[in-house]
Amino acid sequence: MIAEAGLAALWLAAGLAALQLVLMIAALRADLGAARTMQSIAAVQGGLTLIAFAMLLIVFARTDLSVALVFENSHSAKPFIYKVAGAWGNHEGSMLLWVTVLSVAGAFLALLSRRTSQRTLVAALGAQAALALGFYAFLLIASNPFARLNPAPFEGRGLNPLLQDPGLAFHPPTLYFGYVGLSIAFSLAVGALLTGEVDSRLARAMRPWVLGAWILLTLGITAGSYWAYYELGWGGYWFWDPVENASLMPWLAATALLHSINVLAARGALKAWTMMLAVIAFSMSMVGTFLVRSGILTSVHAFAIDPERGTFLLALLAIYVGAAFGLFAWRGASLKEGAPFELVSRETGLVINNLLLSVILAIVFVGTLYPLFVEAITGEKLSVGAPYFNAVAGPLALMLALLVGIGPLLAWRRERRPMFKQLTVPALLGVSALVFTIILAPGMHILPRLGLMVAAYLAAASVLPLIGRSPFRAPLATWGMVVAHFGIAVALTGMAMNAAFTSETLAIAKPGEILSAGPWHVQLQDVTPTAGKNWTALEATLKASRGEGLVTLKPQMRYFTDPPTETNEAAIDTFWNGQLYTIVGKADPSGGWQLRLWWKPFVTLIWAGGALIALGGALALLGHLRRLLRRRREPNWRGRYA
Amino acid sequence: MKPKNQRLVLVIAATAAVLLAVLLAMWGLRERASYFYTPADVVAGKAEQGRTVRLGGMVERGSVQRLADGVSIRFVLTDGEASTPVLFRGITPDLFHEGSGAVAEGRLENGTFVADTILAKHDERYMPPELGNLAAEHKAGKTLQR
């Protein structure tokens, strides 16, 4: 019954979305006051998808094996939390989550938006309904999560043990919230293009959504990177895997949008450009979903290979992106460009930021999709990995980081002050970092060396906007910007240190033997069998020391039974200045064990930087929301909206 | 700047950026994309020496040999037609077995494939698409032999 209730809720929601779309067309043509009705429909639609998702959670929590999806992806012996998380750890469940977030976001847009005109809101709600309708059709026709099995089997097929991890419970939903949050920016842009009301009001209505989505994408990418680092046991934090790129591309587009939207909000300029970025940002989310969900890529994350679904998703992508760009081509040229600005101005700085981000985005996009094109056209198989992305996008990212220090110092409209004086201290710091690395580590590669230089410079330059003013009177949005930009410097330091100074040891050790990795001496004590709820393992006990103190690490080689799989569980110990990362491998006939040890100085800064960037976004969001609330309380409030 | 000129400059800048991106990407891809080969391709001389490529096939039964240092292995990848010896230093991935599929990434050096990374079948259900057909053929071949 529960599964059927979920399915019914989905069908109803799809019907409401169709109605919402029809109402939008009618309202725009005849100037009907349909806003109220559409707001209620959007809210009910969001509620219905929530019900459907709750039903899926219930069948997973109960391990109802008569539901095909539960049989395929769950098992009665699985820990409860992973039973529930398993609901969205598979194709159908994750698409249901996607649609749920899409509709709930639409409901919030309908209920909360007071800033746009009624006409634009109606058009945006229509666009959101059109998006939702396509994905409802995809679920109901090609990926029904509630399909039944008759007779019901006795036991489920389990879940990939690699995915039995707290990372799974939070990582995909966080990314999905981010992806789908961008749908609101897309719908608002489409709506505003339809009504022609592209102005700073629209930018202010759009900004909290973009910021929110961007924060979640940042957190999702950071968490995903850490998950891959400790779970996959390869010691790397970013593999340029197509699935990772699928989350990076919307992030790059959203970052560009986040900056250009400020120009539109503050100065009314860059109208067409900002609308296009809003369209591109959500298009990238859909490209990401297509890449992950169609299973067309060779990837550690690829789950299913199902051409029917892939074609369906590709068709949806083509329709939405094509329609949005068509609309843009039709209406974009008629937008009046806003306030002019001079060559040296914050506007120009943000334009350069946008151009660089777009170039990086295009490079990642081409590199990710190139193997598909080549294979489709010539049948030749190839893969594009870290060597391409690091060499081509890396220098551009460094250039961008260099400019991040300058942009916030520029004034709107025109800059006449000799502002480069302020950058003396940061520049000196950068140069001394460079000199230090040349003296202390002459053999270092060029990219990490430049990375450390830029990081040292940016760490100082990013806080300049707070210098010379009382820090408590600076707006929260300024604080947010400073924290996020500082976070870039922190992450960059971590990446450069990790690339340059990681020491790795791979050897056979017998119990009692000592290996060294960087400053560490690691002794293998013994290897003993151990067991968990649905796995058995061989666990090595390692004693590590560097001078004083002794730490114990217990990496495992785990064997899961349903389905039969082996995984390496790394043991990682974190110190203020780095991480000791250990893996145990296979037994040697002579009684030794394969051990892989890494000492990774300051590697944790990578994720700390990511967290700071997200925190900066959160501060800025808080600042904007506070102003929104204050403004609502005082109808005559007229202040500058930073 | 007049708004009209401003828009023109923006359009030109955007176009230049896109062109730059495409040129950079093409240059990067030409130098750095790694091609996928099977042992038959290697025997036919399609794989360039010294360039990073991927080699995929089935791990030949009885071919996995552990070297004296304990952490290097030698094995043979085969696609039924031809086979290539592979040398790998590292901990083999979880699902690396004799008789199952694997993709090695590395370079061809004097007839031996020196692998930096080995990607094995990820779990019971997942198989890299490049290996999917190969595995099916392998199975079919075995059934015929029986």
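Residues numbered from 1 in each chain as written. Chains lettered and ligands numbered in written order. Predicted model: local features only at pLDDT ≥ 70, side-chain atom pairs only at ≥ 80, totals over all residues.

## A short note on the overall build of chain A
Of regular secondary structure, chain A possesses 17 helices and eleven strands. A compact globule built from 642 residues should have a C-alpha radius of gyration of about 26 Å, and chain A, at 26 Å, falls within 12% of that. Its C-alpha atoms put chain A at 85 × 75 × 55 Å along the principal axes. In chain A, which comprises 642 residues, the proportion classed as buried is 52%. Across chain A, contacts joining residues at least 24 apart in sequence account for 75% of those joining residues at least 6 apart. (Helix = DSSP H or I, 4+ residues; strand = E, 2+ residues; numbered from the N terminus. Rg over C-alpha atoms; globule rule 2.2 N^0.38 Å. Buried ≥ 20, exposed ≤ 12 C-beta atoms within 10 Å, placed from the backbone. Contact = placed C-beta atoms within 7 Å.)

## Describing the overall build of chain B
Across its full length, chain B holds three helices and seven strands. Partitioning the contacts of chain B with sequence separation of at least 6, the portion at a separation of at least 24 is 51%.

## Comments concerning helix α15 (residues 446-461) of chain A
Between its first and last C-alpha atoms α15 of chain A spans 22 Å; for 16 residues at 1.5 Å apiece the expected length is 22 Å, and the two agree. Most of α15 of chain A sits out of view: 13 of its 16 residues are buried. (Expected span 1.5 Å × (residues − 1).)

## A word on unusual backbone geometry
Despite not being glycine, Leu270 of chain A has its phi angle at roughly 60 degrees, a positive value. For Leu270 of chain A, the location among the structural elements is in the loop between α9 (242-267) and α10 (271-294). We note that Asn110 of chain B has phi near 50 degrees; this positive angle belongs to a residue other than glycine. The class of Asn110 of chain B is exposed, set by 6 C-beta atoms lying within 10 Å.

## Digging into the pairing of strand β10 (residues 578-587) of chain A
All names here are of chain A. The buried count for β10 comes to eight of ten residues, which makes it a mostly enclosed element. Across five bridges, strand β9 (residues 571-575) lies against β10 in antiparallel orientation. Within β10, the residue paired with Asp573 across the bridge is Leu580. Linking β9 back to β10 in an antiparallel pair, the connection comprises two residues. (Pairing = 2+ DSSP bridges.)

## What to know about the sheet that holds strand β11 (residues 593-601) of chain A
Residue and element names in this part refer to chain A. Spatially, four strands are ordered β2-β11-β10-β9 in an open sheet, and the strand pairing comes out antiparallel. If you trace the sheet from one side to the other, it starts and ends with β2 (503-509) and β9, each paired once. Taken over all neighbouring pairs, the strand axes of this sheet differ in orientation by 15 degrees on average, direction set aside. In this structure, β2 lies alongside β11, joined through seven bridges in antiparallel fashion. Considered in β11, the bridge of Thr505 is made with Leu597. (Axes fitted to C-alpha atoms, helices over the stretch in contact; angles between N-to-C directions.)

## Observations concerning helix α5 (residues 91-112) of chain A
Compared with an ideal rise of 1.5 Å per residue, which puts 22 residues at 32 Å, α5 of chain A spans 31 Å between its outermost C-alpha atoms and is within 8% of the ideal. Among the 22 residues of α5 of chain A, 19 are classified as buried, and the element is accordingly described as predominantly covered.

## A word on the packing of helix α13 (residues 386-404) of chain A against α15 of chain A
Residue and element names in this part refer to chain A. Close contact between α13 and α15 brings their axes to 9 Å; oriented N to C, the two are set at 15 degrees. The angle between α13 and α15 falls in the class roughly parallel. Of the two elements, α13 crosses α15, and the hand of that crossing is left-handed. On the side of α13, the interface is formed by Asn390, Gly394, Leu398, Ala401, Leu402 and Val404, while α15 contributes Leu447, Leu450, Gly451, Val454 and Leu458. When its residues are assigned to classes, the contact of α13 with α15 shows eight nonpolar, three polar and no charged. (Parallel < 35°, antiparallel > 145°, perpendicular 65-115°, else oblique. Left-handed = near helix turned anticlockwise from the far one by under 90°. Nonpolar A, V, L, I, M, F, W, Y, C, P; charged D, E, K, R; others polar.)

## A few points about the nonpolar core
Residues and elements named next belong to chain A. Membership of the largest hydrophobic core comes to 192 residues, with the highest contact counts inside it found for Ala185, Val210, Ala253, Ala254, Leu257, Ala281 and Ile363. Discounting residues that sit within four places of it in the chain, Leu257 has contacts with Ala185, Val210, Thr274, Leu277, Ala278 and Ala281. If you look at the next biggest cluster of nonpolar residues, it comprises 26 residues, including Leu515, Leu524, Tyr581 and Trp593. (Core = buried A, V, L, I, M, F, W, Y, C linked by C-beta atoms within 7 Å.)

## What to know about the environment of Ala107 of chain A
Residue and element names in this part refer to chain A. Along the polypeptide, Ala107 turns up in helix α5. Judged by the 24 C-beta atoms lying within 10 Å of it, Ala107 falls in the buried class. Sequence separation between Ala107 and Gln128 is 21 residues; the distance between their C-alpha atoms is 9.7 Å. Excluding residues within four positions of it along the chain, Ala107 makes contact with Ala42, Ala43, Gln45 and Gly46.

## Quick word on the domain arrangement of chain A
According to the domain assignment, chain A consists of domain 1 (1-164), domain 2 (170-336 + 368-382) and domain 3 (503-601). Here the C-alpha centroids of domain 2 of chain A and domain 3 of chain A sit 39 Å apart. (Domains from an automatic or database assignment.)

## A short note on the packing of α9 of chain A against α10 of chain A
Residue and element names in this part refer to chain A. It is the contact of α9 with α10, at a shortest axis distance of 8 Å, that shows an interaxial angle of 165 degrees. As judged from the angle between their axes, α9 and α10 are roughly antiparallel. The interaxial crossing formed by α9 with α10 has left-handed handedness. Tallied by class, residues from the contact of α9 with α10 come to 20 nonpolar, five polar and one charged.

## Describing the confidence of the model for chain A
Residue and element names in this part refer to chain A. Of all residues in chain A, 94% attain a pLDDT of 70 or more, and the chain-wide mean is 86. Of all helices and strands in chain A, the one with the weakest mean pLDDT is strand β8 (residues 565-569) (78), whereas helix α16 (residues 476-501) scores best (94). Within the model, the stretch residues 299-305 combines pLDDT values under 50 with 17 contacts to residues more than four positions away or in other chains. Note that pLDDT drops below 50 for residues 636-642; the model gives that stretch seven contacts with residues more than four away or on any other chain. (pLDDT = per-residue confidence, 0-100.)

## Comments concerning the confidence of the model for chain B
Residue and element names in this part refer to chain B. A residue-level look at chain B finds 77% of positions with pLDDT of 70 or above and a mean pLDDT of 76. Predicted confidence in chain B is weakest over helix α3 (residues 129-145), with a mean pLDDT of 43, and strongest over strand β5 (residues 83-89), with 91. Between residues 122-130, whose pLDDT stays under 50, and residues either more than four places distant or in other chains, the model counts 24 contacts. Across residues 135-146, where pLDDT falls below 50, the model places six contacts with residues more than four positions away in sequence or in other chains. Taken together, the chains of this predicted complex give a pTM of 0.90 and an interface ipTM of 0.78.

## Observations regarding the environment of Pro442 of chain A
All names here are of chain A. By the secondary structure assignment, Pro442 is in the loop between α14 (424-440) and α15. Judged by the 8 C-beta atoms lying within 10 Å of it, Pro442 falls in the exposed class. Sequence spacing of Pro442 and Ala256 is 186 residues, and the spatial spacing of their C-alpha atoms is 36 Å.

## Concerning the environment of Ala17 of chain A
Turning to its location among the elements, Ala17 of chain A is positioned in helix α1 (residues 2-30). Sequence spacing of Ala17 of chain A and Met38 of chain A is 21 residues, and the spatial spacing of their C-alpha atoms is 9.7 Å.

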